[in-house]
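This is what each chain is made of:
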Amino acid sequence: MNNDFLPADLRVLCAVVRASSFSKAAEDLGMSPAYVTKRIRLLEESLGTKLFHRTTRRVVISEAGERVYHWAQRILDDVDHLVEEVGITRREPRGLLRVCSSFGFGRRVVAPALSAFAAQHPAVQVRFEVFDRLVDVAAEGYDLDVRVGDDIAPHVIARKLASNHRVLCAAPAYLRSRGAPRTLADLAAHDCLVIKERDHPFGVWRMRRGGREHTVKVRGPLSANNGEMVVQWAVDGRGIILRSAWDVGPLIAQGRLEQVLPAYRQEANVWAVYPSRLSASAKIRACVEFLAEHMRAQGFRE
């Protein structure tokens, strides 16, 4: 075994792991598939181990590859930190910034903010992805998760970007036909439109009233993992939803939805979550500050 490989080869490895595909990794990196295949082959020869199991349809990382991948992330983060700490880069954020968020909030709030951030910081290359699940930023190779919800692991750093909570609401037509629930327990007899949230068990709504937490199991004719679709179902009169105030607030103000059981709410603040190893990163610091200011300008409370 020899160690004749470059840090760039580790970046190729990380791209293949995230894409589970040599061709997709090549597209993400702006390289040819042949070059990506060659660099992985040389890396395997240098390390003396097989990093991937290849079939005609997919690429699966090996057990040894998993270990190399975790080391590669640490090494590349250290390289990025070195660049940031030297000379002018201490003041000027630069490099690749990997950001993730949820579908609706990512599209409507985070994506426009990142567009403005990239225009202000041309030396930063932003790669943004959205998911319907909770992301482990430290394990999955992301630098920053812009997250709605207060379920945050202790091994990451979290900065609150804005205050937010979820409320219960339904269309006026639904409430006229079915009546408004008077207690939280009444929800069990209603059509509830359930969203598969990233940070909550399916069909279980945990609400707070005053200082006490209450739980109710709900069900209904429609459910989805995309909040925007479920909000539209609610507007169509199909049932009651539990949704973030940032999303349904304008619909309530327009009279298209009505809040029910207003004494109950579910805390779901907006957080910037990132690995502790990136606590000194100039690009993280700049992006988090920018997001906080952008959300204040959009009317979010901090």
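Each remark here, short or long, concerns the structure printed above.
Residues numbered from 1 in each chain as written. Predicted model: local features only at pLDDT ≥ 70, side-chain atom pairs only at ≥ 80, totals over all residues. Heavy atoms only, no water.

Along the protein, the regular secondary structure elements total 10 helices and 15 strands. Summarising its shape, the C-alpha atoms of the protein cover approximately 75 × 45 × 30 Å along the three principal directions. The 302 residues of the protein split such that 47% are buried. Averaging the positions of the 44 positive and the 35 negative side-chain charges in the protein gives two centres separated by 3 Å. (Helix = DSSP H or I, 4+ residues; strand = E, 2+ residues; numbered from the N terminus. Buried < 20%, exposed > 50% of the residue type's maximum accessible area, 1.4 Å probe, protein only. Lys, Arg positive; Asp, Glu negative; His and termini not counted. Charge placed at Lys NZ, Arg CZ, Asp CG, Glu CD.)

This next bit is on the nonpolar core. Counting residues in each nonpolar core, the largest one holds 29 residues, and the members touching the most others are F105, L144, V146, L161, V270 and M295. For this core, the elements supplying multiple residues, two or more each, are β3 (95–102), α5 (103–120), β5 (144–148), β6 (156–162), β15 (270–275) and α10 (282–297). When residues no more than four places from it in sequence are discounted, the contact partners of F105 are V110, V146, V148, W246, V270, M295 and F300. (Core = buried A, V, L, I, M, F, W, Y, C linked by side-chain atoms within 4.5 Å. Contact = heavy atoms within 4.5 Å.)

Another point: the packing of aromatic side chains. Aromatic ring pairs are reported here in terms of the distance separating the ring centres and the angle at which the planes meet. Evaluated as defined, the whole model comprises four aromatic pairs. Aromatic side chains F105 and W246 sit 5.0 Å apart centroid to centroid with 75 degrees between the ring planes, which places their arrangement in the edge-to-face category. Here F105 is found in helix α5, whereas its partner W246 is found in helix α9 (residues 245–254), with 141 residues between them in sequence. Here F105 falls in the buried class, since its relative accessible area comes to 1%. A centroid spacing of 5.6 Å and a plane angle of 65 degrees characterise the contact between F117 and F290, whose relative ring orientation is edge-to-face. Taken as a pair, F117 in helix α5 and F290 in helix α10 lie far apart in primary sequence, 173 residues in all. With respect to class, F117 is no different from F290; both count as buried. A cation over a ring is seen here: R133 above F131, with NZ or CZ 4.7 Å from the ring centre. (Phe/Tyr/Trp six-rings, centres within 6.5 Å; stacked < 30°, edge-to-face > 60°. Lys NZ or Arg CZ within 6 Å of the ring centre and 35° of its normal.)

Within the sequence span of helix α2 (residues 22–29), burial applies to F22, A25 and A26. Along the axis of α2, the buried positions cluster into a sector of 100 degrees, meaning they face one direction only. Contact partners of the buried residues in α2: α1 (7–19), α3 (33–47), β1 (52–54) and β2 (59–61). G30 lies just past α2 and shows a positive phi near 70 degrees. (Arc of directions from axis to C-beta.)

Its location among the elements puts D247 in helix α9. Judged by its relative accessible area of 4%, D247 falls in the buried class. Beyond its immediate stretch of four places on either side in the chain, D247 contacts R108 and V231.

This next bit is on the environment of V273. Counting through the fold element by element, V273 comes out in strand β15. On the accessibility criterion, V273 (0% relative accessible area) is buried. Taking the C-alpha atoms as reference points, V273 and V135, 138 residues apart in sequence, are found 9.9 Å from one another. The residues touching V273, leaving out its near neighbours within four places in the chain, are V137, D143, L144, D145, R147, I152, V156, I157 and A158.

Here we take up the layout of surface pockets. Roughly 440 Å³ of volume is contained in the largest pocket. Lining the largest pocket are 23 residues, with V17, R18, A19, S20 and E140 positioned closest to its centre. Contributing elements (two or more residues each) for the lining of the largest pocket: α1, α2, β2, α4 (63–85), β4 (124–131) and α6 (137–140). A total of five residues in the lining of the largest pocket trace back to one element, the largest contributor, which is α1. Here the lining of the largest pocket is built from residues that sort into 12 nonpolar, one polar and 10 charged. (1 Å grid on protein atoms, 1.4 Å probe; cavity = no way out; pocket = protein on both sides within 12 Å on 5 of 7 lines; lining within 4 Å. Points joined across faces, edges and corners; volume = space filled by probe spheres on them. Nonpolar A, V, L, I, M, F, W, Y, C, P; charged D, E, K, R; others polar.)

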